[in-house]
Amino acid sequence: KTQLKLIQRWPVPKMMTGEKILLLGEWRELEINPVGHKKISLSESGKIVISKDLAMQGAQVLIPFYRQITHHWVHHFADLYSSKWQLTYKSIRINSAKTRWGSCGANNTLNFSWRLAMTPLLSIEYVVAHELAHIKHHNHSLSFWQFLEQMMPHYKQGQAWLKENGNKLPQI
């Protein structure tokens, strides 16, 4: 007799001051700014500050912010690993995938979900290294995993967070 494990998702933000928003694996406090127009930023104290007019539109207004964060870190790690390991990719796209963190197309086009912005940097680094490793090994063979471990010896830590928490992310 098998029991289904119920997954408790983290709630979709209601966009209220004091609420916690997940960013780079950390719960950050949300602050609604009554002045200012259509803006989301990160304060020096680490709070996510959002203008009132944007907050009133709901949690989906976080998506462009998350896309920007994902774009920045994916390019950072892709540049780092591709130059060190001579892995040439064609382009990087940030998409809205819900069931995969990243993919590597046959023509070495790399795709990443903007949802990575909610995960720790170590997990973003792992997904980028994983997809770049597919440029050399277009499968999940033992050779692939050995190469990935050579590239990023600590990859299992980034992978573990995704396995444990990935299905809990709010469905924005």
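Here, every reference points to the structure presented above.
> In this structure, what is going on with the packing of helix α3 (residues 121-136) against helix α5 (residues 155-165)? I would like to understand it.
Geometrically, a packed helix pair is captured by the angle between its two axes and the distance between the axes. Direction vectors running N to C along α3 and α5 enclose 110°, while the axes themselves pass 8 Å from each other. As summarised for this structure, α3 and α5 are arranged roughly perpendicular, according to the angle between their axes. Counted together, L122, S123, Y126 and V127 of α3 and Y155, Q157, G158, Q159, W161 and L162 of α5 form the full contact between these two elements. Looking at the contact of α3 with α5 residue by residue, the classes come out as six nonpolar, four polar and no charged.

> I'm lost on the sheet that holds strand β6 (residues 102-104) in this one. Help?
Adjacent strands of a sheet form backbone hydrogen bonds with each other and so pair up, either parallel or antiparallel. Pairing is mixed in the open sheet, where three strands are placed in the order β5-β7-β6. Single-partner strands in this sheet number two, and they are β5 (91-95) and β6. Sheet twist, expressed as the average angle between the axes of neighbouring strands with direction ignored, equals 15°. Strand contacts of α3: β6 and β7 (109-113), with the helix running at about 15° to β6, the strand carrying the most contacts.

> When you look at the packing of α3 against helix α4 (residues 142-151) in this model, what are you seeing that I'm missing?
Where α3 contacts α4, the two axes come as close as 9 Å, and the packing angle between them is 130°. On the basis of their axis angle, the class for α3 and α4 is oblique. Seen from above, α3 lies across α4 with right-handed handedness. Across the interface between the two elements, Y126, A129, H130, L132, A133, H134 and K136 from α3 touch F144, W145, F147, L148 and M151 from α4.

> Could you clarify how one ought to interpret the pattern of salt bridges in this entry?
Close approach of charged atoms allows side chains with opposite charge to pair. Counted by the stated rule, this structure contains four salt bridges. Of the charged contacts, one joins E31 and K47 as a salt bridge, the two residues approaching to 3.6 Å between their closest N and O atoms. Taken as a pair, E31 in strand β2 (residues 26-33) and K47 in the loop between β3 (40-42) and β4 (48-51) lie far apart in primary sequence, 16 residues in all. Look at E31 and you get partly exposed, because its relative accessible area is 30%. When salt bridges that share partners are traced, they join K20, E29, E31 and K47 into one network.

Here is what the cut-offs are and how they apply
- Residues numbered from 1 in each chain as written.
- Predicted model: local features only at pLDDT ≥ 70, side-chain atom pairs only at ≥ 80, totals over all residues.
- Heavy atoms only, no water.
- Axes fitted to C-alpha atoms, helices over the stretch in contact; angles between N-to-C directions.
- Helix = DSSP H or I, 4+ residues; strand = E, 2+ residues; numbered from the N terminus.
- Parallel < 35°, antiparallel > 145°, perpendicular 65-115°, else oblique.
- Contact = heavy atoms within 4.5 Å.
- Nonpolar A, V, L, I, M, F, W, Y, C, P; charged D, E, K, R; others polar.
- Pairing = 2+ DSSP bridges.
- Left-handed = near helix turned anticlockwise from the far one by under 90°.
- Salt bridge = Lys/Arg side-chain N within 4 Å of Asp/Glu carboxyl O.
- Buried < 20%, exposed > 50% of the residue type's maximum accessible area, 1.4 Å probe, protein only.

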